[in-house]
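# Summary of the model geometry
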Amino acid sequence: MATALAAPVDTTIEDPTRRPPLVTGDHDYQSITDTIHSISEHKTPRAWYIAFAVSSTATVTFFLLIGYLIYQGVGVWGNNNPVFWGWPIVNFVFWVGIGHAGTLISAILFLFRQNWRTSVNRFAEAMTIFAVVCAGIFPGIHVGRVWFAYWLAPYPATRLDMWPNFRSPLLWDVFAVSTYATVSLLFWYMGMIPDLATFRDRSKSKIKQFVYGVFALGWNGSARHWHRYEKAYMLLAALATPLVLSVHTVVSFDFAVAQLPGWHATIFPPYFVAGAVFSGFAMVITLMVPARKWFGLKDLVTLRHLENMCKVILATGSMVGFAYAIEFFIAWYGGNPYEGFAFINRAFGPYAWAYWTMVSCNVIAPQFFWIKKVRTTPWMMFIICIFVNIGMWFERFVITVTSLSRDFLPSSWAYFKPTPIDMAMFACSFGLFFTLFLLFCRYLPIVAMAEVKSVMPVPESEAKNDTKA
Amino acid sequence: MSKTWYRSLRELENTAEFQEMLHREFPEAASEFPKGLSRRRWLQIMGSSLALAGVSGCRFEAETLAPFATRPANRIPGKTQQFNTTVEIAGQARALRATSYDGRPIKLDGNPDHLSSGGASDSYTQATILDLYDPDRGQTPIESTGGSKFNRSWIEADTFLTEQFSQFAGSKGDGLCVLAESTSSPTAQRLKTALQDKFPQMKWFDYSSLSPVNSRGGATLAFGKPVRTEYDLESAAVVVTIDSDLLGQHPEGLRNARSFSRGRNPDSEQMTRLYAVECEFTGTAVAADHRVALRPSQIAGFLASVEQALASDEETHAADESAPWSQQVFAALVDDLKKHPGQSVITVGERQPVEVHALAHRLNQKLGNVGKTVTLLPDESSADTFDEFVTHAEANGGSMLLLLGGNPVYDSPADVEVAELMEKFENRVHFAVYPNETSAVCNWYLPMSHPLECWSDATLYDGTYGVAQPLIEPLFESRSQIEFLAGLLGEETDGLELVRQTARELYPELKSTREWERVVHNGFHADSTAKPITPELQNFEGPAASTEWQNPVEVTNGELEVVFTTDSSVLDGRFANNAWLQELPHPLTKMTWSNAAIMSPKTADALGVKDDDVVRLELDGREIELPVYVQPGQATGSVAVAIGYGRTHAGLVGGDVEEGVAPVGVNAGVIRTAGNRYFATGLKVSPTGRREELAVTQDHYAIDKVGLEEIHGRVGDLVREGTLDEYREHPEFAEHRVHHPPLESLWTEVSYDGHAWGMAIDLNKCIGCNACVVACQSENNVPVVGPDQVRASREMHWMKVDRYFTGDTEEPEVATQPVTCQHCENAPCEQVCPVAATVHSNEGLNDMAYNRCIGTRYCGNNCPYKVRRFNFLDYRSEMEAANRELMNLVLNPEVTVRSRGVMEKCTYCVQRIQNTRIEAKNERRPIGPNEIQTACQQVCASEAIVFGDLNNPESDVAKAHADARAYGLLAELNVKPRTKYLARIRNPHPWLAPPVESAHGHGGDGHGEEAHGEHAHADERHDAEVSHNSVPAPTQELREEQV
Amino acid sequence: MRFNFPTWTNRFVPVLIVTILGGAAYVGAVVFAATDPQTLNIGHKPTQPVPFSHKTHAGRLKMDCRYCHNTVDKAAFAAIPPTATCSNCHTGADANGSVSVSAVHSDSPNLALVRQSQATGEPIDWMKVHDLPDYVYFDHSAHVNSGVSCVSCHGRVDRMDVVEQVKTLSMTFCLDCHRNPDPHLRPLEHVTDLAWVPDEEPEVIGGRIREELNINPRTNCSTCHR
């Protein structure tokens, strides 16, 4: 059957009158399904095995290190007095931040009817889940007596009606992150059902058929199914939207509620959320650019998609930059000498190197996205996004470590040095992330086929028929 | 969880082994110990009985209780008992009070009934208890023959000795030579004389690396006989310390500190003024109003010049502003001495040569201080005769050298090859508490009992006769010195009898058992205190007056002066194996676990070295290598090195090359010759290019410019100081130094109408001596973490003594500030703990429930004082190797032992509060106003710390909080600290007082409006500025140049 | 070929739901019951090396608790009596075989260990029955002197041949009383009288005693945890 756009088009035109298509190339429903399914259908490429070998090794190391940590004690990290929170918390916030793009794309953009989300949302949501998994691990193993971590759960301990301290932001964190994880997972899975059904129907092996079948929950594409599916999806989206804002707001409370100079700032919630979306999108692009190349998704994930995301990055990046500026302004305008010093110390103290890395990566790098060329050249945006990822890790490092290392009494000031364990654990957490991701790419529909089809440009022939009728 | 230790220890209390150990009838029965068992093995037995508690039944933990067969009289299991005793440390007798728990001493404190301490004590006393349980102490006699060592029993040892001494009996002791560590014990003296009578040919020499040769010599020069000096610093108007740590290392340091701090009362019409002229920064100088840093060689000249100036009748004038500091102070000093005849004290430290000591005596005479502020007492102690020993040994040698205590091989002058000298004796027997470097070159080592294990006696500094009673039967196969000596005489060897006999001879009134028991109970014989004497001042040639001191020194490498200091942690090395002391931060350098080449910033710059650079110190041919520590206030052109480090046979803590444990620090004795025991010129310093990070608890790294300026800005607000005039004009100046908006809480404030525990620390009295830190460690089972963890800034001390330098880098002022949990009423830590492990009690205590803590460390982050300590690792296992369980006996059963992963902090000694409360309740009486003492308060010689119930107007703490000088540290955060600090008042000579406008300008706005926040924050900075005029810039300045 | 849930699977849906919910509830209940102090603490009844019967001594002979546990009102620990205390009555034969007139059961085999201990000075290893966690600091004197009877925590020991734990002695147990002590307070003279029954409402008596001794128990963490 004739397809929409045999001829390649520039999808990045800025002309409101002519909506560029969201799917290019010689595609029809059939071919899209083929493209996506083939990824998991075809024989597994060697590259995948190599990548998986590497990442899974890292993952194993990660868990070994955790074992060592629990056996030896938190002392294997560089944490000290005054820097009681070191890398583990930095990593936690870093990963949670990344886990933001997914839900934002799927939920908020969905509610705003941003159709271009369809090709990237599945991918982003998956990333979210995996990032949150990594994030969840760090605060868990971070406590001194892991075996008692369950005391954080809100239950009346020891028949005593002894509850956790609900005034503590750490407790809010427990709720926020777990809720977020649950809803994102649900959302992701829900959206995947029709595609799982497709996989079920197309896969050859009995096992696959069964497994996909079970997870497809007996989807048969009937109008009724579709109707309910849409409703549910809509509801979940509505439910997930506030979470996007709440999670990182709460995470920011861990710092903002403390009275430590450099933490105690009202701007933290919006600033953290912006930063999270910022880093989230950066990570999506970091993963998407190579993925779309390897899996031949250029037609589904068009330059326009990437460009849109770059725009989001540019916007949020600027917000973050603005937040940095405001922090300094308030530190001066607020007139609190300790606050004032905390920021002077950030910029010019022993950790200046970290601070300026952060600024150049987070504030300067994304500004290149003003240039259309950069916005539309995958490898360029890839590089910039790598910078953003680095920058956002340093942002958390700067906030956590520099503020702690020098607070009120000069006598307690000290310099924080990470240990090899610190570094190894951070590195290996990427292993876990990518292991999950590789499995996802291999066995699950990495693009929401059903949704993409719904936004495909309608073939002229059919359009004509419509006009006739 | 290491927690189970103390409870299992309590079980241990009652296990058969332990009871047997504690209650063996005769000391001799030490040989009941399992024969031929190595220490390791024996301690494993100990260990197993410790682990006893862990035997778990199928459902319930099976714990056994083993009560006494017959309970000792008035022993109540689980209740502490107190005993007075006397312990001699390095020849200095101390009247102490020991706390014993179920028959094992767990804490030592000063004996409140004796003036020498009034209940206070120093870090050495506090830490001595740890030595008692040190498994590295000698446990059995050891014979080394043919290069290998054999554990022997005392029976074998005795056989050897009797055989030897039977020969001496024939030869009248010819060939027998005794080198005894100087002791003040009358019984030891008595037995010595007895021995000399029995063996007339015997040679006996006394030796101690710390014997006060110079002060003795000085007194002899001045009065023709040795005298001891006591000072009444309370009523003195002017105190001048010449290279002397009068309030610290001085034998009467505690007493001096107390009377001095009482004289420092800014509310009295006359506040003592202290001048310190010295080389290395001493604890005393922390309290000084004016300090001059001079090289030790210049100090004699300085004092001579003082005498000159005093002699001349011409009016003294203030030196002009531009003149070198030393001259300005000199003028003021002379002026003060002239103005206050009979009200001054001039004291000289042991380091200075005899002439200087004599001169000081002469000056005190001339100024009419003697009999008023200065009291002279007879000095009965025996002179140090080490030199004679050397000559004797070189000439004659002999068949047996008997060393009673001491460690000459390690601590004798470098140019005396003691080891070789000892070779001149066929048999070398070392009888000491620890096997050490000296034992290593002896063919017999015999274990001596710890002072807390045996009967003995001693003469206190003021001549009082003190009795030492055993707190516990010897833990190892050891004997007390007097029992050993008596054994040599072939006499009755019951320690008690030996001491009683001496007592009877010295003080007939003690014949009556009742009197004797009273003395034992009190710990000393009150009526025996020496009567003051007024010896005739002799004519002698004092040191020549010189002008050398007047002008700043040019640093010329090779012409430097090296100063040997007795270390505030390991003393002369005898405490090298004491982990508490090794980890105790030096009062000024904050250095732990090592010594260093300490030099002033200027010197360091001139030599082109900086902190942690390892340098080679060369002094006529001898050399050592150790890292540099840059210390403001060290006399320019001089390098201070602490002795007592680099022990090679100290033990598993202090270093034991045989066990493969590296020595801690570097042995400065290597360049310390007989000629220059205290200081020497001609030192050459050359960098080796290596670096070695010192384990320092404050200023963990060379500070950068930004941080430096900030400290500069803050110190004045943290440690609030003012001059006496400023204080008299505006008593509330401290309160007003920091201005802040009105402090309002988001929540309705809690009211405390029952007890309200609080603390006050008087910065005007604190001299940063550190005793509180160790006392706290001993009372609260604070673990030791070791140098690496200290470098990682994870030290666990619940109490830290912050020190800040201010002013010129070469002539700085220093401010110390003990900081511990402030028990904030709005405690930031409590808000953020997710499991409510730290919450507030209705008496205002910031409770810490260790068993609820999961270690999120959020509280630590949110604590503005950073006084919370986290168990990052299992520090007990870290420091306690498999065979060191014995150490656990030192733990205080009243305090939970914290496990790994748990946050801990100061509790205001809550265990003491609770026990007193229960006691009072049982006796149906209210708790007395000052009944409860925290451990830190108890040891404080200068009475800087007071604790009690703020709601009780009678209590000292309530009064202190009401004092005009009281202010809360970081109170502007509205955390409402329960600990308040009393601002420090300096009492400068008018000529040297800081520019007036600072005081006025400041006091002015403080006075004008009550500081209830009418001031914008903006002028808080301005305010700080002002305060800095009186508190000049801190001195890491120089580091900044290095950075 | 599409896999789909055959219709017969529908039947299992309710079953599934029930099992999941029911299972969860069951596991929860078990865990709760298993970790309850009632389960964990009560009923500890070790056999003692010497078959000492409180029933006989405290019950039948009406001996006061403090005859043996004489430190209970002076110290934190109600010390286990030294062998000497037993020997006050149960003296064995002395060196030359003569037995004092007052001696009770001087040759009973049950008391062999006592006599041996007395002779050798070796302690008797009694089994600990009431064992609080190591981080709890309980003080007997504070309670006994405030009119809290032994029976409140140890039950009717005077009816036990072999002592066993009858109260949970859990933190809740302590706090219940610390929050509302009245029902557990009694005149000091009856503190060791385990059989004592108040002639009026315990709360009333307790309230009065609380008044006169001004007893206000604390519930701060540091009251028991240091």
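These notes cover the structure that comes with them. These numbers come from a predicted model, not from an experiment. (Residues numbered from 1 in each chain as written. Chains lettered and ligands numbered in written order. Predicted model: local features only at pLDDT ≥ 70, side-chain atom pairs only at ≥ 80, totals over all residues. Heavy atoms only, no water.)

### Considerations on the overall build of chain C
Summing up its helical and strand segments, chain C has eleven helices and one strand in all. Secondary structure elements of chain C occur, N-terminal to C-terminal, as α-α-α-α-α-α-β-α-α-α-α-α. A compact globule built from 226 residues should have a C-alpha radius of gyration of about 17 Å, whereas chain C, at 26 Å, is more than 25% larger. With the C-alpha coordinates aligned to their principal axes, the bounding extent of chain C is approximately 105 × 50 × 35 Å. Here chain C holds 226 residues, and 38% of them are scored as buried. Sequence-distant contacts in chain C: of pairs separated by 6 or more residues, those separated by 24 or more amount to 67%. Carbon together with sulfur atoms contributes 62% to the accessible area of chain C, which is approximately 12,700 Å² in total. Between the averaged position of the 19 positive side-chain charges in chain C and that of its 23 negative side-chain charges there is a distance of 8 Å. (Helix = DSSP H or I, 4+ residues; strand = E, 2+ residues; numbered from the N terminus. Rg over C-alpha atoms; globule rule 2.2 N^0.38 Å. Buried < 20%, exposed > 50% of the residue type's maximum accessible area, 1.4 Å probe, protein only. Contact = heavy atoms within 4.5 Å. Areas by Shrake-Rupley, 256 points an atom, 1.4 Å probe, with all protein chains shown as cover. Lys, Arg positive; Asp, Glu negative; His and termini not counted. Charge placed at Lys NZ, Arg CZ, Asp CG, Glu CD.)

### What about the environment of A:V60?
Residue and element names in this part refer to chain A. Residue position: V60 is located in helix α2 (residues 46-72). For V60, a relative accessible area of 49% corresponds to the partly exposed category. For the pair formed by V60 and L432, sequence separation is 372 residues and the distance between their alpha carbons is 8.3 Å.

### Let's talk about unusual backbone geometry
Cis geometry is found at the peptide bond from A:N81 to A:P82, where omega equals 20 degrees. With respect to the secondary-structure elements, A:P82 resides in the loop between α2 and α3 (87-98). Residues other than glycine seldom take positive phi values, yet B:A836 does so here, at roughly 55 degrees. Residue position: B:A836 is located in the loop between α27 (828-832) and β35 (838-840). With a phi angle near 50 degrees, B:C909 is a residue other than glycine that sits in the positive phi range.

### What to know about the sheet that holds strand β24 (residues 613-619) of chain B
Residue and element names in this part refer to chain B. Taken together, six strands build a closed barrel; the order of strands is β21-β26-β23-β25-β24-β29 and the barrel is mixed. Strand after strand, the sheet turns through a mean of 45 degrees between neighbouring axes, direction not considered. The pairing of strand β21 (residues 560-566) with strand β26 (residues 638-643) spans six bridges and is parallel. When the sheet's bridge partners are listed, V563 is paired in β26 with A640. (Pairing = 2+ DSSP bridges. Axes fitted to C-alpha atoms, helices over the stretch in contact; angles between N-to-C directions.)

### Regarding the pairing of strand β9 (residues 227-231) of chain B
Residue and element names in this part refer to chain B. Within β9, five of the five residues are buried, leaving the element largely enclosed by the surrounding structure. Every second residue of β9 is oriented toward a common face, with V227, T229 and Y231 on one face and R228 and E230 on the other, all of them buried. Summarising the sheet, β9 and strand β14 (residues 374-378) pair through five bridges and their orientation is antiparallel. Counterpart to R228 in the pairing with β14 is L377.

### Things to note about helix α6 (residues 169-202) of chain A
In this model α6(A) runs 48 Å from its N-terminal to its C-terminal C-alpha over 34 residues, within 8% of the 50 Å that 1.5 Å per residue would give. Of all bends in α6(A), the biggest is about 50 degrees, found at A:I193, and the proline A:P194 comes one to four residues later. (Expected span 1.5 Å × (residues − 1). Bend = angle between axes of the 7 residues up to and from the residue.)

### Some points on the interface of chain B and chain C
The interface is formed by 48 residues belonging to chain B together with 51 residues belonging to chain C. Across the chain B/chain C interface, buried area totals approximately 4,100 Å², and carbon plus sulfur atoms make up 53% of it. Looking at the side of chain B facing chain C, the largest losses of area belong to B:L65, B:A69 and B:R71, adding up to 15% of the total buried there. Counting across the chain B and chain C interface gives two salt bridges. A salt bridge links B:E843 to C:R218; the shortest N-O distance between them is 3.1 Å. (Buried area = accessible area lost by both parts, 1.4 Å probe. Salt bridge = Lys/Arg side-chain N within 4 Å of Asp/Glu carboxyl O.)

### Details of the packing of aromatic side chains
This structure, assessed with the given rule, holds 81 aromatic pairs over all chains. A ring pair is formed by A:F268 and A:Y271, whose centres lie 5.6 Å apart and whose planes are at 85 degrees; its orientation type is edge-to-face. Placement of the pair is A:F268 and A:Y271 together in helix α9 (residues 268-294), with a separation of three residues, close to one helical turn. Summarising the burial analysis for this pair, A:F268 and A:Y271 share the class buried. Summarising the aromatic geometry, the rings of B:F165 and B:F168 are spaced 5.4 Å apart at their centres and angled 80 degrees between planes, so their arrangement reads as edge-to-face. Here B:F168 and B:F165 lie together in helix α5 (residues 154-171), a separation of three residues that amounts to about one turn. The class for B:F168 is buried, based on a relative accessible area of 1%. In this structure, B:R291 packs its charged tip against the face of B:F281, placed 4.0 Å from the ring centre. Looking at B:R794, its charged tip hangs above the ring of B:F872, at a distance of 4.5 Å from the centre. (Phe/Tyr/Trp six-rings, centres within 6.5 Å; stacked < 30°, edge-to-face > 60°. Lys NZ or Arg CZ within 6 Å of the ring centre and 35° of its normal.)

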